Amino acid sequence: MSQNNSSLPRISSRIANIAESATLAVDAKAKALKAAGKPVIGFGAGEPDFPTPEYIVEAAIAAAKNPANHRYTPTNGLPELREAIVTKTLRDSNYAITADQVLVTNGGKQAVYQSFATIINPGDEVILPSPYWTTYPEAIKLAGGVSVDVFADETQNYLVTVEQLEKAFTNKTKALLFCSPSNPTGAVYSPEQVKAIGNWAYEKGIWVITDEIYEHLLYDGATAPSLPVVVPQMADRTIILNGVAKTYAMTGWRVGWMIGPKDVIKAATNLQSHLTSNVSNVSQRAAIAALSGDLTAVNKMGEAFDRRRKLITQMLNEIPGVICPTPQGAFYVYPSVKGLLGKNIAGVTANTSSELAALILDKAEVAAVPGEAFGPSGYLRFSYALGDDDIKEGISRVQKLLG
């Protein structure tokens, strides 16, 4: 009698256990409601509302007309782009690297995934400061690793301490994920805090994967030094993640990169050669133009974000029961809404921030991402990468509902 394996699960457990990106899900729901005629204002997506600067677009148009860009190119990225990343890294971070330490990826997410996949073995633990970007724990899980969350609440301005990291450390700890400026909180570690954490990681003999995608979005004089610059002895155990998406309003172009020790980059390149091969050549040419140009357009966008940051923080703090620390980086606010949970709002009682976010979407037609996507309940993330008028209208609706 022949065997029949139709009873085996259709979806692998590895993939079935991965959660959908909560931020993209909220954004998709907001856009669907808007398309259906609802006046929804979405604060969910982490992407600038500005168009990509014109000189970058023009470089892409020229690239698309060149037949050389219609072909495969090296998996690790166009040599000219990797050299541009070398130059940019020295310019912006004062960190000297070589082109063979760079791997160009399809957006920052691929860099995140490949970093964990390259250094994490099944059962290895990764210390994950919380609130965290929703993709980090899923990428760790896909690599077979175990996330060890370390939570810092609003009283710590969402910044973890070395003492907290020490308590989370075990003989299975392989790496620490570090993100400053932070998504989802906008919190920024001081140079002294970066140095203390880097020294601690060095003493423990672990890796640091540091996400620098928001490096240029800083306010109030804050700085975000690169960890291996502050702690040079960590250079051989640090992987830097970055990309053009946030700085240059290029989320749809899908160009990110990894910087790390040569053996790690070579191994990650081998993985990418089977996964996606090279990034779109037209996008890479656009990224060269972005990185090779000056930061005038970037600074202009930063001025708008700074203005919006102050506006949304002030308006949220006017709501009784809401505590919204002032972020020093990125383009997110992360208010605590614990003071609103368990209360009757428009005839409904929300006991979690997920329930509160659903209530706000239903009653005020405003979309925010609940704290459960980034760690513990009791928080909401609002992106202020949208127009001033939308921010005023959207948060005014929330004020009326919750006030």
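Located above this text is the structure these notes cover.
Let me begin by describing the structure that accompanies this report. (Residues numbered from 1 in each chain as written. Predicted model: local features only at pLDDT ≥ 70, side-chain atom pairs only at ≥ 80, totals over all residues. Heavy atoms only, no water.)

1. Focus on unusual backbone geometry
Residue Pro131 follows Ser130 across a cis peptide bond; omega there is 5 degrees. Tracing the chain through its elements places Pro131 in the loop between strand S3 (125–130) and helix H6 (135–142). The phi dihedral of Ala249 falls on the positive side, at around 55 degrees, and the residue is not glycine. Position of Ala249 among the secondary structure elements: in the loop between strand S7 (238–243) and strand S8 (256–259). By relative accessible area, Ala249 is classed as buried at 8%. (Helix = DSSP H or I, 4+ residues; strand = E, 2+ residues; numbered from the N terminus. Buried < 20%, exposed > 50% of the residue type's maximum accessible area, 1.4 Å probe, protein only.)

2. Details of the nonpolar core
Core analysis: the biggest nonpolar cluster contains 41 residues, and Phe43, Ile312, Leu316, Leu356, Ile360, Phe382 and Leu402 have the highest contact counts within it. Counting only elements with at least two residues in this core, the list comes to helix H12 (296–317), strand S9 (332–333), helix H13 (353–364), strand S14 (380–383) and helix H14 (388–402). If one sorts the elements of this core by residue count, H12 sits on top with 6 residues. Contact partners of Ile312, with chain neighbours within four places excluded, come to Phe43, Val333, Phe382, Tyr384, Ile391 and Ile395. Membership of the second largest hydrophobic core comes to 32 residues, among which are Ala30, Ile197, Ile206 and Val369. (Core = buried A, V, L, I, M, F, W, Y, C linked by side-chain atoms within 4.5 Å. Contact = heavy atoms within 4.5 Å.)

3. As for the packing of helix H4 (residues 79–93) against helix H11 (residues 281–292)
Relative to each other, H4 and H11 sit at 25 degrees, their axes nearing to 9 Å. What the angle tells us is that H4 and H11 run roughly parallel. Both H4 and H11 take part in a crossing whose hand is left-handed. Residues Glu80, Leu81, Ala84, Ile85, Lys88 and Arg91 of H4 form the contact with H11, whose own contacting residues are Gln284, Arg285, Ala287, Ile288, Leu291 and Ser292. (Axes fitted to C-alpha atoms, helices over the stretch in contact; angles between N-to-C directions. Parallel < 35°, antiparallel > 145°, perpendicular 65-115°, else oblique. Left-handed = near helix turned anticlockwise from the far one by under 90°.)

4. Some thoughts on the environment of Pro39
Position of Pro39 relative to the elements: it lies in the loop between helix H2 (22–35) and strand S1 (41–42). Apart from the residues within four sequence positions on either side, Pro39 is in contact with Glu365 and Arg397.

5. Some details on the sheet that holds strand S4 (residues 146–151)
Read from one edge to the other, the open sheet built from 7 strands follows the order S2-S8-S7-S6-S5-S3-S4, with strand pairing classed as mixed. Where the open sheet ends on each side, the last strands, each with one partner, are strand S2 (102–105) and S4. With strand direction ignored, the average angle separating the axes of adjacent strands in the sheet is 20 degrees. Sheet topology note: the strand S6 (residues 207–211)/S7 ladder contains 4 bridges and is parallel. Bridge pairing in S7 links Thr210 to Ile240. Across the face of the sheet, H6 comes into contact with S3, S4, strand S5 (173–179) and S6 while running at roughly 175 degrees to S3. Each of S2, S6, S7 and S8 touches helix H10 (residues 262–275); the most contacted strand, S2, lies at about 30 degrees to it. (Pairing = 2+ DSSP bridges.)

6. Observations concerning the pattern of salt bridges
Taken as a whole and judged by the stated rule, the model has 16 salt bridges. Between Lys204 and Glu166 there is a salt bridge, and its shortest N-O distance comes to 3.1 Å. Taken as a pair, Lys204 in helix H8 (residues 191–204) and Glu166 in helix H7 (residues 162–168) lie far apart in primary sequence, 38 residues in all. Take Glu166: its relative accessible area is 35%, and that puts it in the partly exposed class. Ionic contacts of the salt-bridge type, sharing partners, join the residues Asp49, Arg307, Arg308 and Asp388 into one network. (Salt bridge = Lys/Arg side-chain N within 4 Å of Asp/Glu carboxyl O.)

7. A word on the sheet that holds S14
The strand order across the open sheet built from 3 strands is S9-S14-S13, with neighbouring strands paired in antiparallel fashion. Since the sheet does not close on itself, it has two edges, and those belong to S9 and strand S13 (369–370), each with one partner. Inspection of the sheet shows S9 paired to S14 by 2 bridges, in the antiparallel sense. Across the sheet, the residue bridging to Val333 is Phe382, located in S14. Where H13 meets the sheet, its contacts fall on S13 and S14, and the angle it forms with S14 comes to roughly 45 degrees.

8. Some points on the side chain of Gln101
Residue position: Gln101 is located in the loop between H4 and S2. Aside from chain neighbours lying at most four places away, what touches Gln101 is Met258, Ile259, Gly260, Lys262 and Ile265.

Interpretation in functional terms is not warranted from these geometric data alone.
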